[in-house]
Amino acid sequence: MTEQSSEAPEQAHAPRPIRVPDPLWRAYGRVCERLGTDRTNDVLDHMKARVLEHGTDEDRTDLERAEQELAERRARKGGRPKQEPSASA
């Protein structure tokens, strides 16, 4: 994994690979499913909460920009699909 150079154009939704042991990834997926979410949305929610709790004004401004970008993207794609209740709930 390498960081982008400061000269490279910034991508709005570049992949952000992380290293997670497979058993943890599987367990996390099952937990998210039981909670009616998925890993991506759960991680995004966690990141937003951390920024709101510990972020600076600059961090919160970036969060607002990100939320606007997500809203615009979802509007173009017809919105986020409604989640079905999980069978184990």
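Our subject in this report is the structure included herewith. (Residues numbered from 1 in each chain as written. Predicted model: local features only at pLDDT ≥ 70, side-chain atom pairs only at ≥ 80, totals over all residues. Heavy atoms only, no water.)

### Looking at the overall build of the chain
- What the chain contains, in helices and strands, is three helices and zero strands.
- N-terminal to C-terminal, the α/β element order of the chain is α-α-α.
- Excluding contacts between residues fewer than 6 apart, the proportion of contacts in the chain whose partners are at least 24 apart in sequence is 34%.
- For the chain, the accessible surface area stands at approximately 8000 Å², while carbon and sulfur atoms represent 52% of it. (Helix = DSSP H or I, 4+ residues; strand = E, 2+ residues; numbered from the N terminus. Contact = heavy atoms within 4.5 Å. Areas by Shrake-Rupley, 256 points an atom, 1.4 Å probe, with all protein chains shown as cover.)

### As for the packing of aromatic side chains
- Evaluated as defined, the whole model comprises one aromatic pair.
- Between Trp 25 and Tyr 28, the aromatic rings sit 6.4 Å apart at their centres with planes inclined by 55 degrees, giving tilted as the arrangement. Pair noted here: Trp 25 and Tyr 28 are both in helix H1 (residues 22-34), with a separation of three residues, about one helical turn. (Phe/Tyr/Trp six-rings, centres within 6.5 Å; stacked < 30°, edge-to-face > 60°.)

### Here we look at the packing of helix H2 (residues 39-54) against helix H3 (residues 57-76)
- Between H2 and H3, whose axes approach to 9 Å, the crossing angle comes to 150 degrees. Regarding the angle of H2 to H3, the classification is roughly antiparallel. Every pair of crossing elements has a handedness; the one defined by H2 and H3 is left-handed. Every residue of H3 that contacts H2 at Asn 41, Lys 48, Val 51, Leu 52 and Glu 53 is listed here: Asp 59, Arg 60, Leu 63, Glu 67, Leu 70 and Arg 74.
- Tallied by class, residues from the contact of H2 with H3 come to four nonpolar, one polar and six charged. (Axes fitted to C-alpha atoms, helices over the stretch in contact; angles between N-to-C directions. Parallel < 35°, antiparallel > 145°, perpendicular 65-115°, else oblique. Left-handed = near helix turned anticlockwise from the far one by under 90°. Nonpolar A, V, L, I, M, F, W, Y, C, P; charged D, E, K, R; others polar.)

### Some remarks on the pattern of salt bridges
- In the structure shown here, the tally under the stated rule is two salt bridges.
- Of the charged contacts, one joins Lys 48 and Glu 67 as a salt bridge, the two residues approaching to 3.3 Å between their closest N and O atoms. Of this pair, Lys 48 sits in helix H2 while Glu 67 sits in helix H3; the two residues are 19 residues apart in sequence, bridging distant segments of the chain.
- Look at Lys 48 and you get buried, because its relative accessible area is 18%.
- Of the charged contacts, one joins Asp 62 and Arg 65 as a salt bridge, the two residues approaching to 2.9 Å between their closest N and O atoms. On the criterion of helical spacing, the pair formed by Asp 62 and Arg 65 is a turn pair, its members being three residues apart in helix H3. (Salt bridge = Lys/Arg side-chain N within 4 Å of Asp/Glu carboxyl O. Buried < 20%, exposed > 50% of the residue type's maximum accessible area, 1.4 Å probe, protein only.)

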